[in-house]
Amino acid sequence: MITDTFGRVHDYLRISLTDNCNLRCFYCMPEEKHAFAPAAKLMQVNEIETIAKLFVENGVKKIRLTGGEPLVRKDAPKILKSLGKLDIELAITTNGIRVDEMLNELLEANIKAINISLDTLQPDKFLKITRRDLFQRVRNNIELLLKHNIRVKINVVVMKGLNDDEILDFISLTKHNNIEVRFIEFMPFSGNQWTSNQVFTLHEILVKVSSKYDVIPVEPEPNDTSSRYIIDGHVGSFAVISTMSQPFCDTCNRMRLTADGKLKNCLFSKDETDLLGALRNGQDILPLIEQTMKAKAKALGGQFSGVFENIDASKLENRSMITIGG
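Residues numbered from 1 in each chain as written. Predicted model: local features only at pLDDT ≥ 70, side-chain atom pairs only at ≥ 80, totals over all residues. Heavy atoms only, no water.

Quick look at the overall build of the protein
Of regular secondary structure, the protein possesses 10 helices and 14 strands. Taken along its principal axes, the extent of the C-alpha atoms in the protein is 60 × 45 × 40 Å. Expressed as a percentage of the 326 residues in the protein, the buried residues total 56%. By sequence separation, contacts in the protein at least 24 residues apart represent 72% of the contacts at least 6 residues apart. (Helix = DSSP H or I, 4+ residues; strand = E, 2+ residues; numbered from the N terminus. Buried < 20%, exposed > 50% of the residue type's maximum accessible area, 1.4 Å probe, protein only. Contact = heavy atoms within 4.5 Å.)

Here it is as structure tokens:
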């Protein structure tokens, strides 16, 4: 078991496969021209498998593949096949664009739940946010997943003045579909132009939803990172990830491995540990993993706490979201 000094057991590993993406969402990718990591600096298929197996041998029960966009890697099918053999719950977060092309590989890897990142239900706004005209393809692929009985969660980063007016539209998706819509408070990362007045909070989201529906809270599961809710008569549900207004660090069980093989013990941690470099040098990386997790701060990477309105984003030390992997 991989633990930290606060007694938290870490049994959930998020592996970023690439910092590349076929969208250009402004809140994820820095506005300036982004230099993607060269392929040689990324973890290769055998290295991903070796590292993943070590984590599983030490208690990891769930692995989620992220990016960038994980399905843009040419060897993504090999990675899915390799990790699909492990005795874990394998999941993936994707923008949904290549789901139709990769559906067979996803099914063969026994992936039963897929998170789709989609911040708007309006094609013109999708183009504004992502800088790509691919909205209908994403919507079609969500329908494709539902037809194959794959559980779908839709990740919506809510930003005041941009898409907070669509919250009820997203809720309407849960009426007849087994979808969980997850509203995510806008978080600060390098290059994403975060300001506190863009954050649409858990409280504000609940006020908006409650203006039309009777909202019923759901008992949280162990290590939940979201507050979950159901609406009577709806097949699906919704949740809110309230990192900024009500953090959930006390029960965090997550570890993050970047595409270039760096271990982060928190989404907001300043420090990283180079597992890939050590692996390539023939070192035993388990002590490095244990040391990294023992150094985990109590909350939010030790970089901020308290009232999010007082955060000075320019003083935070971190990567851009696309190079972390979410």
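Back to the text.
Comments concerning the environment of L162
Following the sequence through the fold, L162 ends up in the loop between strand 7 (151-158) and helix 6 (167-173). The exposure class assigned to L162 is buried, which follows from its relative accessible area of 13%. Taking the C-alpha atoms as reference points, L162 and G96, 66 residues apart in sequence, are found 21 Å from one another. In contact with L162, other than residues within four places in its own chain, are F26, K125, K128 and I129.

Regarding helix 2 (residues 76-83)
Along helix 2, the positions that sit buried rather than exposed are A76, I79, L80, S82 and L83. An end-on view of helix 2 places all buried positions within 165° of arc, on one side of the element. Facing away from the buried surface of helix 2 by more than 90 degrees, the exposed residues are K78 and K81. Buried-residue contacts for helix 2 involve helix 1 (45-57), strand 4 (62-66), strand 5 (89-94) and helix 3 (99-108). (Arc of directions from axis to C-beta.)

Some details on the nonpolar core
The biggest cluster of nonpolar side chains holds 98 residues, and the ones touching the most others in it are F55, I63, L65, F183 and F238. With 6 residues, the top contributor of residues to this core is helix 1. Once residues lying within four places of it in the same chain are set aside, the contact partners of F55 are I2, L13, V60, M255, L263, L275 and I289. (Core = buried A, V, L, I, M, F, W, Y, C linked by side-chain atoms within 4.5 Å.)

Here we look at helix 1
Look at helix 1: 18 Å from first C-alpha to last across 13 residues, which is about the 18 Å you get at 1.5 Å a residue. Within helix 1, burial applies to V45, E47, I48, I51, A52, L54 and F55. The positive-phi residue at the C-terminal boundary of helix 1 is G59, with phi of around 105°. (Expected span 1.5 Å × (residues − 1).)

Describing the packing of helix 3 against helix 5 (residues 135-147)
Interhelical geometry of helix 3 versus helix 5 gives an angle of 25° and a closest axis separation of 10 Å. On the basis of the axis angle, helix 3 is roughly parallel to helix 5. Here the hand of the crossing between helix 3 and helix 5 comes out right-handed. Contacts from V99, D100, E101 and L103 of helix 3 reach helix 5 at R137, N141, L144 and L145. (Axes fitted to C-alpha atoms, helices over the stretch in contact; angles between N-to-C directions. Parallel < 35°, antiparallel > 145°, perpendicular 65-115°, else oblique. Left-handed = near helix turned anticlockwise from the far one by under 90°.)

As for the pairing of strand 3 (residues 12-16)
Counting buried residues in strand 3 gives 5 out of 5 residues, a clear majority hidden from the surface. Side chains Y12, R14 and S16 of strand 3 all project onto a buried face; the interleaved residues L13 and I15 project onto the opposite face, where all are buried too. Pairing geometry for strand 3 and strand 12 (residues 254-257), over 4 bridges, is parallel. Note that in strand 12 the partner of I15 across the bridge is L257. (Pairing = 2+ DSSP bridges.)

As far as function goes, none of this settles anything; it's purely spatial.
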